Amino acid sequence: MEYAPLLNGDDLIWTHVSTRWTLMAAAALWLSISDMASADRLDFNVAPNVAGFKASIAPLFETYCLDCHDDSMKKGKLSLEKIDPNLLTGDDFETWRLIEEQIAFGDMPPKKPRKADQPTAAERQQMLDWIRTELRKGQLPGATAQEKMSLPQFGNYVDHDALFSRRLDRVYPAPPRIWRLRPDIYNTTMPRLGERVSGLANGLSVFDGAEFKDYAANYFLDEAATAPLLGNAKKIAAAMVSPQSKDRPFKQLVAGDSPPSEKVVKSAIEYAFRKVLGRAATEEELSRFHAFHRKSVSIGGHVAAARALLAAVLMQPEALYRQELGDGKVDTHGRMRLSSREIAYALSYALHNQPVDAFLKAAEAGELSTSQQVAIAVAKQLNDDSLLQDKNPRMLQFFREYFNYPFATEVFKDKPEGGDHDAGRLVNDLETVIRDVLRHDKNVLATLLTTRKYYVGAVYKSVKREGIKLQPAHHKRGMYHTAFNLPLDWKWTLDGQPVEFRADERAGVLTHPAWLAAWSGNFENHPVQRGKWIRTHLLGGSVPDVPIGVDARVPEKEHTTFRDRLKAATGAAECWRCHRKMDPLGVVFERYDHYGRYQRKDAGQPVDAGGFVSYTGVKELDGVKVNSPIELMETLAKSKHVEQVFVRHAFRYFMGRNETVGDANTLQDAHAAYVKSGDSFNALVTSLLSSDSFLLRQDYTKRTTDD
């Protein structure tokens, strides 16, 4: 073990923990493996089928595609003449996804002007079968050929039918992993270690954007992030040994004018490990940290050494990373269960931002040893009426990140004429609606998409099973209620909450002014982004990013509706290929202005709020036409497919990763639990947190005879 404490005043700078960090980094690299799926089992033969491409796909491309898409013609800036048939590690992965979509929906080859030169149904299926088989090789547990597949914005790339159309022989869980703590956990747990020390730096950032924030694949600790964390550790360590500290074993390290005894030092090390890491120190750790303290005393004195010792514990990887490595006991399929301690912390951080005593005690009592025991513990935590949602803040946080309505506070808007716009209050009101839906915990998704009952100007205080408690005394007078098109003389009353709106006026979260403002521009609506959200979060589709160099602005044109201006900007064939997935879904919300107020006219003309659903591959959805956002929400709220997509998003949030084909059984079971319980979100979460996908890990570098 290398360490080099240097004297700088009375502070010690050390690299005592460097070897541990190196080992953790090596572990992260070790976790990268790959495999693939066949009918009902996962097959480990993942070699790209280049021979199959040459034999069965290239001739079809030659016959039907290369007239327009060779190197010389390159129509649509696409050449298939030298396309890479290696979808695992090649450079044309995204192109192949688009080709699959074009062939599946019959857009390519084009029917005009040569309708006769179309592939037969068998030839079209032949191309689709090969492409889909190759694409799925990168959709399985441990697959890292396309690294972006592990990022939240690419979760929908995994084939939906492969997840819900058939059962596998078992769950094929993800590999072991380490997972950097999210800032909320760090900011909740670290200050209390130093008796609520203040002024700590933020060394754990999260990505901006509309995707889920706490993803294991998103973050790592580099030198820039480690520096402020080290500064925090030194502040906390100083507080631990200060006269005001309540931790007697720490204060004994600095008591008197001479170094403490070996017994005092080891007692402090044991106490620090239990307080900071939640476990006892091993004999090797006791010996190593004691040697570090002794060396530090010889350089900087016993006071500085005490601070260095405690800071070293605070900088252990376990204090900054979640470890999900398994208990080492491998079953006949090569899977191993997380240790009881790992499960307790995983459950705690799934529902809260700090360790939950009930889960830690259950682990110590051996009551997290089976999936059934875990389900009982989770259900008990979720159904405890003492604090309800406040006891499990991550439940509400899911909906904040899923709908992304808090972003309304980041969209600057001028005060509207004849009204008011208070984004913060709009967000709070929508959050109260969501709290109420979660309180009832029945028909959760459908209610969130269709409810006509909104809280308006209501200051949330608490929630229990029997109802929402508000603070009417703090209600502010003014024009705020005009955001909901309520009359100017409307008066707030406690009995009048929530307000029920007309059936043709509002329907759920997506017609609430907070969501509409969050998904708008500073001065106009943003139907493209709204349509993209529906495409990705409700329909489970994907839309490529705007190509570099494309001017995505909608032109100004007097006396022309925004819908017509958008059509002029995106109607060209090269634009419409992507916008056809978004615009017909987003323009229905032109029924509201960019403040979220209901409007009947835009640019002096009657609002056209019609739209349609297409390109989903779902028979009961494709081709559905709607005349309003209310009709769209009611259509989507009845869809089994939309429910399943919602389950997929819940999986990503609580697992901290994208689903793979190996998680098919977990997703099907979670959806079944949701439906069987009357669409209870608690039941959905309980199913996910007690699933094999949550509780098991597998090292795919090791093969078993069963596999």
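Note that the structure is a prediction, hence the values are computed from the model and not measured.

Peer 1: Can you help me understand the overall build of the protein chain in this one?
Peer 2: Counting its regular elements, the protein chain contains 28 helices and 16 strands. Each of the 707 residues in the protein chain was classed as buried or not, and the buried ones make up 54%. Across the protein chain, the fraction of contacts at a sequence separation of at least 24, relative to all contacts at a separation of at least 6, is 70%. In the form shown here, the protein chain has an accessible surface area of approximately 31700 Å², with 52% of it arising from carbon and sulfur atoms.

Peer 1: Is there a simple way to explain the packing of helix H25 (residues 640-655) against helix H27 (residues 681-689) in this structure?
Peer 2: In a packed pair of helices, the relevant descriptors are the angle between the two axes and the axis-to-axis distance. With their axes 10 Å apart at the nearest point, H25 and H27 run at an angle of 55° to one another. Between H25 and H27, the angle falls in the class oblique. As H25 packs across H27, the resulting crossing turns out to be right-handed. Touching Phe-646, Val-647, Ala-650, Phe-651, Phe-654 and Met-655 of H25 are Phe-681, Leu-684, Val-685, Leu-688 and Leu-689, all from H27. Taken together, the residues of the contact of H25 with H27 sort by class into eleven nonpolar, no polar and no charged.

Peer 1: Is there a simple way to explain helix H13 (residues 340-351) in this structure?
Peer 2: Helix length check: H13 (twelve residues) gives 17 Å between terminal C-alpha atoms against 16 Å at 1.5 Å per residue, within 8%. Every buried residue belonging to H13 is among Glu-342, Ile-343, Ala-344, Tyr-345, Ala-346, Leu-347, Ser-348, Tyr-349, Ala-350 and Leu-351, and all of these are buried.

Peer 1: Help me understand the pairing of strand E9 (residues 460-464) in this model?
Peer 2: Each regular strand displays side chains that alternate between the two surfaces of the sheet. Two elements, E9 and strand E10 (residues 467-470), share four bridges in a ladder whose sense is antiparallel. Note on E10: the bridge partner recorded for Val-463 is Ile-468. Counted along the chain from E9 to the antiparallel partner E10, the turn is two residues long.

Peer 1: What's the story with the environment of Val-456 in this structure? I'm lost.
Peer 2: Inspection of the secondary structure assignment puts Val-456 in the loop between strand E8 (453-454) and E9. Between the C-alpha atom of Val-456 and that of Thr-432, which follows or precedes it by 24 residues, the distance is 9.3 Å. The contact partners of Val-456, leaving out residues within four places of it in the chain, are Asp-429, Tyr-480, His-481, Phe-484, Leu-486, Trp-490, Trp-492, Gln-497, Val-499 and Phe-501.

Peer 1: Hey, could you run me through unusual backbone geometry in this one?
Peer 2: Negative phi values dominate among residues other than glycine, just as trans dominates among peptide bonds. Backbone torsion omega between Gln-497 and Pro-498 reads -5°, so that peptide bond is classified as cis. Along the chain, Pro-498 turns up in the loop between E10 and strand E11 (499-500). Phi at Asn-443 is positive, roughly 50°, even though this residue is not glycine. With a relative accessible area of 40%, Asn-443 lands in the partly exposed category. In the Ramachandran plot, Asp-679 falls in the positive-phi region, its phi being about 65° despite a non-glycine side chain. With respect to the helices, strands and loops of the structure, Asp-679 is situated in the loop between helix H26 (664-676) and H27.

Peer 1: I tried to follow the confidence of the model for the protein chain on my own but got confused; where do I start?
Peer 2: Interpreting fine coordinate detail is not advised for predicted regions of low pLDDT. Across the protein chain, the average pLDDT comes to 86, with 88% of residues at or above 70. In this model, residues 1-39 is a region of pLDDT below 50 whose contacts with residues beyond four sequence positions or in other chains number 104 contacts.

Peer 1: Explain the side chain of Arg-580 here, please?
Peer 2: As for its placement among the helices and strands, Arg-580 is situated in the loop between helix H22 (573-579) and helix H23 (583-586). At 3.0 Å, the side chain of Arg-580 forms a polar contact with the side chain of Tyr-615. Aside from chain neighbours lying at most four places away, what touches Arg-580 is Gln-102, Asp-107, Arg-535, Ser-614 and Tyr-615.

Peer 1: Please clarify how helix H7 (residues 223-240) should be interpreted in this entry.
Peer 2: Along an α-helix, a turn takes 3.6 residues, which lines up residues three or four apart on a common side. A rise of 1.5 Å per residue sets the reference length of H7, with its 18 residues, at 26 Å; its end C-alpha atoms lie 25 Å apart and thus fit the reference within 8%. All of the buried residues in H7 are Ala-225, Leu-229, Asn-232, Ala-233, Ile-236, Ala-237, Ala-239 and Met-240. One side of H7 holds all its buried residues, which, seen down the axis, span an arc of 150°. Opposite its buried face, H7 presents the exposed residues Glu-223 and Ala-224, each directed more than 90 degrees away. If you follow the buried residues of H7, they end up packed against helix H6 (183-193), helix H8 (248-254), helix H9 (262-277), helix H11 (302-314) and helix H12 (317-320).

About the criteria used
- Residues numbered from 1 in each chain as written.
- Predicted model: local features only at pLDDT ≥ 70, side-chain atom pairs only at ≥ 80, totals over all residues.
- Heavy atoms only, no water.
- Helix = DSSP H or I, 4+ residues; strand = E, 2+ residues; numbered from the N terminus.
- Buried < 20%, exposed > 50% of the residue type's maximum accessible area, 1.4 Å probe, protein only.
- Contact = heavy atoms within 4.5 Å.
- Areas by Shrake-Rupley, 256 points an atom, 1.4 Å probe, with all protein chains shown as cover.
- Axes fitted to C-alpha atoms, helices over the stretch in contact; angles between N-to-C directions.
- Parallel < 35°, antiparallel > 145°, perpendicular 65-115°, else oblique.
- Left-handed = near helix turned anticlockwise from the far one by under 90°.
- Nonpolar A, V, L, I, M, F, W, Y, C, P; charged D, E, K, R; others polar.
- Expected span 1.5 Å × (residues − 1).
- Pairing = 2+ DSSP bridges.
- pLDDT = per-residue confidence, 0-100.
- Polar contact = N/O pair within 3.5 Å; in protein donor to acceptor, adjacent residues only side chain to side chain.
- Arc of directions from axis to C-beta.

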